[in-house]
Amino acid sequence: MMVFAMIGSASAAASPQRWSTQKAPVAPSSYRIDVPGPDARAGTDVLRQIDQIDRDIRDGRDGGQLSRRDARRLRDENRVIGELADRYAVGGTSAAEHRELETRAAVMRDIVGQQRLRPKR
């Protein structure tokens, strides 16, 4: 659970405003990322990662690998990445912002995988 605190701290440090988590699920396909430059497909990679993380969380919950509470926390953390992507997309995502989103998604993917593999309590 320490990893959640680290991601939360990183997202809080990235912006002065703290985003509240919504109770209603946010459809990952609604995230839009505009990446300047020749590789416009790079933004869709982050979207695919967010979608895949959502599927992994759902599969972990359905398979009994994740508790309801753990799945909710993971979804909330994944939603933060999507909200950040939405904020960045307003003015066009810079290369640095895109790298940050990719890094956050990769860390989130690893966290979900570790949570699914940990022994049940």
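Residues numbered from 1 in each chain as written. Predicted model: local features only at pLDDT ≥ 70, side-chain atom pairs only at ≥ 80, totals over all residues. Heavy atoms only, no water.

A. Geometry of the packing of helix 3 (residues 68-90) against helix 4 (residues 95-117). Two elements in contact, helix 3 and helix 4, have axes whose closest approach is 10 Å; the angle formed by their N-to-C orientations is 170°. Judged by the inter-axis angle, helix 3 sits roughly antiparallel to helix 4. The residues of helix 4 that touch helix 3, namely those facing Asp 70, Leu 74, Glu 77, Asn 78, Ile 81, Leu 84, Ala 85 and Tyr 88, are Glu 97, Glu 100, Leu 101, Arg 104, Ala 105, Met 108, Ile 111, Val 112 and Gln 115. Its residues assigned to classes, the contact of helix 3 with helix 4 comprises 10 nonpolar, two polar and five charged. (Axes fitted to C-alpha atoms, helices over the stretch in contact; angles between N-to-C directions. Helix = DSSP H or I, 4+ residues; strand = E, 2+ residues; numbered from the N terminus. Parallel < 35°, antiparallel > 145°, perpendicular 65-115°, else oblique. Contact = heavy atoms within 4.5 Å. Nonpolar A, V, L, I, M, F, W, Y, C, P; charged D, E, K, R; others polar.)

B. View of helix 4. In this model helix 4 runs 33 Å from its N-terminal to its C-terminal C-alpha over 23 residues, within 8% of the 33 Å that 1.5 Å per residue would give. All of the buried residues in helix 4 are His 98, Leu 101, Arg 104, Ala 105, Met 108, Ile 111, Val 112 and Gln 115. (Expected span 1.5 Å × (residues − 1). Buried < 20%, exposed > 50% of the residue type's maximum accessible area, 1.4 Å probe, protein only.)

C. Spotlight on the pattern of salt bridges. Within this structure, the stated rule accounts for four salt bridges. Note that Asp 45 is salt-bridged to Arg 48, the shortest N-O span being 3.0 Å. Here the residue Asp 45 and the residue Arg 48 both occupy positions in helix 2 (residues 42-62), the gap between them amounting to three residues, near one helical turn. The class for Asp 45 is partly exposed, based on a relative accessible area of 32%. Given the relative accessible area of 52%, Arg 48 is considered exposed. Ionic pairing is found between Arg 118 and Asp 70, a salt bridge with its closest N-O pair at 2.3 Å. With Arg 118 in the segment after helix 4 and Asp 70 in helix 3, the pair connects residues that are 48 residues apart, well separated along the chain. With a relative accessible area of 4%, Asp 70 lands in the buried category. (Salt bridge = Lys/Arg side-chain N within 4 Å of Asp/Glu carboxyl O.)

D. Structural view of the confidence of the model for the protein chain. Mean pLDDT over the protein chain: 76, with 63% of residues reaching 70 or higher. Averaged over each element, pLDDT in the protein chain is lowest for helix 1 (residues 2-14) (49) and highest for helix 4 (95). Counted against residues more than four places away or in other chains, residues 1-6, with its pLDDT under 50, gives nine contacts. Low pLDDT, under 50, characterises residues 35-41; the predicted model gives this stretch seven contacts beyond four residues in sequence or across chains. (pLDDT = per-residue confidence, 0-100.)

E. Region of the structure containing helix 3. Counted at 1.5 Å a residue, the expected span for helix 3 with its 23 residues is 33 Å, and the 33 Å between its end C-alpha atoms agrees. The positive-phi residue at the C-terminal boundary of helix 3 is Gly 92, with phi of around 90°.

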